[in-house]
Amino acid sequence: MNTKKYAKVTELNGVPKLSETLPLATQHVVAMIVGCVTPAIILSGVTGLSSSDQIRLIQASLLISGIATLIQLFPVFKVFGSGLPVIMGASFAHVPLLISLGGQFGMPTVLGAQLAGGVVAILVGLFYRKLSKIFTPIVTGTVVFTIGLSLYPTAINYMAGGTGAADFGSVQNWMIALFTLAIVIFFSYFTKGICKMASILLGIVFGYIASLILGIVSFDSISQAGWFQFTAPLYFGIDFNLTAIISMAIMYIVGSLEIMGDFTSTAGGGLDRKVTPEEMSRGIVGNGFVSIIGSLFGGLPTATFSQNVGIVIMTKVVNKVVLGTAAILIVLAGLIPKFSALLTTIPSCVLGGATVSVFAMIAMTGINLVVKEGLNTRNIAIVGLSVALGIGSTQAVGCFNLFPEWAKTIFGSSPVVIATITSVLLNLILPKDLD
């Protein structure tokens, strides 16, 4: 990019021309849109929502993501929001727990736990300085690695056609999924610029076209959807379950670790400086505040989107007007049911083929964080034991059968919970001077 010609878009508070702003904002929307709506699509399938309610859930996720982005860019009362150039979206880190709680309790309990989780995130932000000594990079890397691993079965189930589908595991589903994955790989590693950044979207487009040719796409939901719709507060209901709340509270702590990493990367790579403790604290508090709002409207837990952080670092486009325009476009998309309905027509095998690479990158991001800390005896023990207990306990079906129901929900619903607790404890207990 010619930095002199586009000087204003590389300034945090500059006011660039609309002709410069719109394409750069659209690029951010393209990079995040698929990742933002996929958790809603997955959760709606687990909870058995109707087609119209699935559209509402997708709309709410987009709407809340746009609002969350605006709050991060333009802090409210200098309390909520970091002021950093980031894009927020529905968090993939929460997906394993959302699947478990949604299947076991339903949407009202998920949203009730999310509201409580938002309060926990606010507390994490307020006490950031003290908690940062506990959640070290080795703990963060272990948790992120576990999140990636725990998402793999979800991607594979979708590649096979989606659990419960009549054609689950068919050759046709696998061929479409692998074709989609091949497209994603091609654009990710053999192209540059916008094609590289939009590789996930392009994979879905090509996979969708293949699905159309094979006649497995239904447009019924689009014809039934309107052009404008705003989901009323508490439309999905809300219910509070203590065990679900405890599980979600732990996940919000994990999500805060993810945000800390992305804030650090954005400030260092985009603004050429370190993130301040105040920015970190206000950003986490802002995310908790938005999660509380989201729980009332059906918007899922939000987090910074790493792919958009990558765009900021690579292009040096840190301008708040550019990212704010992207946020407005995301909000508008969340108010148009026709758009959300179109997204629900994407076959499961296409989504699986496109997102498996995203989940792989999440896992490898965790590995990268661990490697940076060094593979000494102490770190190997922390990572190895935490991942073994976390992943192993959820794969060994029935290993908590004789536990009370509350314990089964907290420790058996998501491997991330056990991995987080184990890594934090080991990091505090193990001697610092191990080779």
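Everything below is about the structure shown above.
Analysis parameters
Residues numbered from 1 in each chain as written. Predicted model: local features only at pLDDT ≥ 70, side-chain atom pairs only at ≥ 80, totals over all residues. Heavy atoms only, no water. Helix = DSSP H or I, 4+ residues; strand = E, 2+ residues; numbered from the N terminus. Expected span 1.5 Å × (residues − 1). Buried < 20%, exposed > 50% of the residue type's maximum accessible area, 1.4 Å probe, protein only. Salt bridge = Lys/Arg side-chain N within 4 Å of Asp/Glu carboxyl O. Phe/Tyr/Trp six-rings, centres within 6.5 Å; stacked < 30°, edge-to-face > 60°. Lys NZ or Arg CZ within 6 Å of the ring centre and 35° of its normal. Axes fitted to C-alpha atoms, helices over the stretch in contact; angles between N-to-C directions. Parallel < 35°, antiparallel > 145°, perpendicular 65-115°, else oblique. Left-handed = near helix turned anticlockwise from the far one by under 90°. Contact = heavy atoms within 4.5 Å.

**Examining helix α2 (residues 51-73)**
Under the 1.5 Å per step criterion, the end-to-end length of α2 is 34 Å for 23 residues, consistent within 8% with the ideal 33 Å. Within α2, 19 of the 23 residues are buried, which leaves it mostly tucked inside the rest of the structure.

**Some words on the pattern of salt bridges**
Two side chains with opposite charge may pair up if their charged atoms get near one another. Scanning the model with the defined rule gives two salt bridges in all. E278 is the salt-bridge partner of R129, the closest N and O atoms lying 3.1 Å from each other. In this pair, R129 is assigned in helix α5 (residues 128-131) and E278 in helix α12 (residues 277-297), connecting sequence segments 149 residues apart. Using a relative accessible area of 42% as the deciding quantity, one classes E278 as partly exposed.

**Some remarks on the packing of aromatic side chains**
Aromatic rings considered in pairs are described by the distance between their centres and by the relative angle of their planes. This model, assessed by the stated rule, comprises six aromatic pairs. An angle of 75° between the planes, with centres 5.1 Å apart, marks the rings of F186 and F187 as edge-to-face. Look at F186 and you get partly exposed, because its relative accessible area is 40%. For the pair F186 and F190, a centre-to-centre distance of 6.0 Å together with 15° between the ring planes defines the contact as stacked. Among the aromatic residues, those joined into a cluster by ring pairs are F186, F187, F190 and F206. Against the face of Y235 rests R56, its NZ or CZ located 4.2 Å from the ring centre.

**A closer look at the packing of helix α9 (residues 199-214) against helix α16 (residues 348-373)**
Direction vectors running N to C along α9 and α16 enclose 160°, while the axes themselves pass 8 Å from each other. Taken together, the axis directions place α9 and α16 in an arrangement best described as roughly antiparallel. Taken as a pair, α9 and α16 cross one another with a handedness that is right-handed. In this structure, α9 contributes I200, I204, G207, Y208 and S211 to the contact, and α16 contributes V350, L351, A354, S357 and V358.

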